[in-house]
Amino acid sequence: MKFLTALCFLLTTPFISQAKLKLPWFFSDNMVLQQQSSPSVWGWTDKKNAVTVTTSWNNKKYTTQPDSKGKWKVAVATPKAGGPYEITISDGQMVKIKNILIGEVWICSGQSNMEMPLKGFSNQPINHSNDIVFKATNDQIRLYNIPRSTQPAPRDTSKNFSWKISNPEDAANFSATGYTFGKFLYDQLKVPIGLINVSYGGTPVESFMDAESLKEYNFRLPDPNDPSRLNNKIATVVYNGMMHPIIGYGIKGFIWYQGESNADRPKQYETLFPDFVQMLRAKFNQGDLPFYFVQIAPFNYNKGRKKGDTLLNSAFLRDAQRKALDKIPNSGMAVTMDIGDADFIHPREKQEIGKRLALQALAKTYHYKGFTSEGPLYESMTIKDDKATVKFKNAPVGLTSYGKPITQFEIAGEDKKFYPATAQLVNGGVEVTSKEVQHPVAVRYAFKDDATGELFNTAGFPASSFRTDDWEIQAEVK
């Protein structure tokens, strides 16, 4: 037992060869620091030792004194993108971090659809993955995987990993969504890209949040002194073990792909998800950092449910994500209504998802112009006689169904019963009617668990599913 305890300590403690001076694992050779900013560098030493940090790009020295627990931290000023550079850290003994690039750093986080590597999961492929992997050699793209960890209290460092220079073997094991997002950014920006993957499959959003941000919710929190029986479904434990360790590492923004594990609680997600983003931004203390997320794809969540089971409709969770756009400033949502699969919860078109996220970042964060970066979103509804006319944002040249019938609109009257509707494209909007509803009050589009999108803007981006009503969610029973 003593041996196992000692081994666990070694595996979870920051490590720099026999020296007293210790750093978190992610301060290592080949890392990327955010350009033209003031990212922090930190570590531990004897509390009596002053620490000097020297950055090779300007030969500037920063000296600091550890606190009573031996932790020290300094903010270093970074130049425009470039490198390679070095950072030298000394407390009497010297540690040198080499081959550092200065560029754009993004955190890629979420559950299994973000975690899913380029090589795919067992029996679950990713389209074009081998071609992407084959071309993945690029010393200007650096990859860091935070290893899976659940902890009862916040940790100061992650489990052991090191920065990887992009190559086929390491790219194949990195987030497919994250990698293709970063590669698309690199192709346009031509600066070093650092990608930090903080993902854990099957994890609800509350597990990525800290205890303080969950005070208004009725979640069971772990005993901070009891590391036993923890799993990633428990609130705060993934934040403690995986997100908290990297807070302070200067970044440009976040991409996020999660929601499937909250599909049974869509009403709660309407507030929980924006609270999560607010918490992240507060922790990193860099203002309203860009936050681009993926709307969960259509999928048959009721597959295998038996008679008497409560049925899910993930369209309500997608709608909670759509509504979050108005609550989360400096955000964007990549819609996946056209690339889901009723039988697989992990869409194969990860390259397209990464591209859609990157287009939003290029338009909104890097201010590239002249192209469309997002799909149509419900804007307003007007009713005249027996017709409801729906207008959309993000459709400057109008809408299209590519010549196919539009079949997924529903319409309801005051009785709140929805009927299949006839939909026609009219003057940049959609006119919706049904013989069953003489006095319409609400419209829904593609509001089924595994509906496939059929409405697009002329740039080819799918419209999000939506509902105009705010009626209480009624659980269905099979």
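For every chain, the first residue of its written sequence is number 1, and the numbers climb from 1 along that sequence. Under the rules for a predicted model, residues below a pLDDT of 70 receive no local features and side-chain atom pairs below 80 are neither given nor counted, while totals for whole chains, interfaces and linings still include all residues. To obtain the side-chain values, all non-hydrogen atoms of the structure were included, while hydrogens and water were left out.

Thoughts on the overall build of the chain
Selection criterion: What counts as a helix is a DSSP run of H or I of at least four residues, what counts as a strand is a run of E of at least two, and both are numbered from the N terminus. Note that the radius of gyration is over C-alpha atoms, with the globule rule given as 2.2 Å times the number of residues to the power 0.38. Contacts are residue-level and defined by heavy atoms, with any inter-residue pair within 4.5 Å sufficient. We get accessible surface area from the Shrake-Rupley algorithm with a probe of 1.4 Å; when it comes to residues, only the shown protein chains can shield them. Working convention for charge: Lys and Arg count positive, Asp and Glu count negative, and His plus the chain ends are omitted. Where a charge lies is defined by one atom per residue type: Lys uses NZ, Arg uses CZ, Asp uses CG and Glu uses CD.
When you go through the chain residue by residue, the secondary structure sums to 9 helices and 25 strands. Scaling as 2.2 N^0.38, a compact globule of 478 residues should have a C-alpha radius of gyration of about 23 Å, and the chain matches this with 24 Å. The principal-axis extent of the C-alpha atoms belonging to the chain is close to 85 × 50 × 40 Å. Contacts spanning at least 24 positions in sequence make up 72% of the contacts within the chain whose residues lie at least 6 apart. When the accessible surface of the chain is summed, it comes to about 21,300 Å², and 49% of that surface belongs to carbon and sulfur atoms. Side-chain charges of the chain comprise 57 positive and 48 negative groups, with the mean position of each set lying 6 Å from the other.

What to know about the packing of aromatic side chains
Definition in use: Whether two aromatic rings pair depends on their centres lying within 6.5 Å, for rings of Phe, Tyr and Trp, where Trp uses its six-membered ring; planes under 30 degrees apart make the pair stacked, over 60 edge-to-face, and the rest tilted. Residue exposure (1.4 Å probe, protein chains only): buried if accessible area is under 20% of the type maximum, exposed if over 50%, otherwise partly exposed. Both a distance and an angle decide whether a charge sits over a ring: NZ of Lys or CZ of Arg must be within 6 Å of the ring centre and within 35 degrees of the ring normal.
Under the definition given, this model contains 34 aromatic pairs. Ring geometry for F27 against Y249: centres 5.6 Å apart, planes inclined by 25 degrees, an arrangement best described as stacked. Taken as a pair, F27 in the loop between α1 (2-12) and β1 (32-34) and Y249 in the loop between α6 (237-243) and β11 (253-257) lie far apart in primary sequence, 222 residues in all. Exposure remark for F27: the relative accessible area of 3% places this residue in the buried category. When its relative accessible area of 1% is taken as the criterion, Y249 is described as buried. One aromatic cluster in this structure is built from F208, F254, W256, Y269, F273, F276, F284, F291 and F293. The cationic tip of K73 hangs over the ring face of W42; the distance from NZ or CZ to the ring centre is 5.4 Å. Just above the ring of F161 sits the side chain of K164; from NZ or CZ to the centre is 5.4 Å.

Some words on the sheet that holds strand β24 (residues 466-467)
We count it as follows: Strands qualify as paired when DSSP identifies two bridges or more between them.
Ordered in space as β19-β18-β22-β24, the 4 strands form an open sheet in which the pairing is antiparallel. For this open sheet the edge positions go to β19 (418-420) and β24, each flanked by a neighbour on one side alone. Looking at chain direction, strand β18 (residues 409-412) and β19 are connected through 3 bridges and run antiparallel. In the sheet register, I411 faces β19, and the bridge partner there is Y419.

Examining the packing of helix α7 (residues 266-284) against helix α8 (residues 315-324)
The cut-off we apply is this: The angle between two axes is taken between their N-to-C directions and runs from 0 to 180 degrees, where each axis is a line fitted to C-alpha atoms and a helix contributes only its stretch in contact. In what follows, roughly perpendicular refers to angles from 65 to 115 degrees, roughly parallel to angles under 35, roughly antiparallel to angles over 145, and oblique to any angle outside these ranges. Left-handed describes a crossing in which the near helix is turned anticlockwise from the far one by less than a right angle; the clockwise case is right-handed. Amino acid classes used here: Ala, Val, Leu, Ile, Met, Phe, Trp, Tyr, Cys and Pro are nonpolar; Asp, Glu, Lys and Arg are charged; the rest, including Gly, are polar.
The geometry of α7 relative to α8 is characterised by a closest axis approach of 9 Å and an angle of 30 degrees between their N-to-C directions. Taken together, the axes of α7 and α8 lie roughly parallel to each other. Between α7 and α8 lies a crossing whose hand is right-handed. Facing P266, Y269, E270, F273 and P274 of α7, the residues of α8 in contact are F316, L317, A320, Q321, K323 and A324. Considered class by class, the residues forming the contact of α7 with α8 number 8 nonpolar, 1 polar and 2 charged.

A closer look at α7
Selection rule: By this rule the span expected of a helix is its residue count minus one, scaled by 1.5 Å. Each residue is assigned a bend, namely the angle between axes fitted to the seven residues that terminate at it and the seven residues that start at it.
Between its first and last C-alpha atoms α7 spans 27 Å; for 19 residues at 1.5 Å apiece the expected length is 27 Å, and the two agree. The sharpest bend along α7 comes to roughly 25 degrees, located at L272, with the proline P274 sitting one to four residues further on. Buried residues of α7: P266, Y269, E270, L272, F273, P274, F276, V277, M279, L280, R281 and F284, and no others. Check the buried side of α7 and you find it contacts β7 (94-110), α6, β11, β12 (291-294), α8 and β24. Looking one or two residues beyond α7, the residue adopting positive phi is N285, at roughly 55 degrees.

Details of the pattern of salt bridges
The line we're drawing: Put simply, a salt bridge is a Lys or Arg side-chain nitrogen that is within 4 Å of an Asp or Glu carboxyl oxygen.
With the rule as written, the count across this model stands at 24 salt bridges. Each of K267, E270, D319, R322, K323, R444, R467 and D469 takes part in salt bridges that share partners, so that together they form one network.

Quick notes on the packing of helix α5 (residues 176-189) against helix α9 (residues 350-364)
Where α5 contacts α9, the two axes come as close as 7 Å, and the packing angle between them is 45 degrees. Classed by the angle they form, the pair α5 and α9 counts as oblique. For the pair α5 and α9, the sense of crossing is right-handed. Here A176, T177, T180, F181, F184, L185, Q188 and L189 of α5 come into contact with α9, specifically with K350, Q351, I353, G354, K355, L357, A358, L359, A361 and L362. Split by residue class, the contact of α5 with α9 holds 11 nonpolar, 5 polar and 2 charged.

Some words on the confidence of the model for the chain
To be explicit about the condition: A residue's pLDDT is the confidence the predictor assigns to it, expressed on a 0 to 100 scale.
Scored by pLDDT, the chain has a mean of 94; 95% of the residues are at 70 or more. Within the model, the stretch residues 1-19 combines pLDDT values under 50 with 21 contacts to residues more than four positions away or in other chains.

Examining the environment of L189
In this structure, L189 sits in helix α5. When the C-alpha positions of L189 and T468 are compared, they lie 39 Å apart, and in sequence the two are 279 residues distant. Not counting residues within four places of it along the chain, the set of residues in contact with L189 comprises E104, L362, Y366 and Y368.

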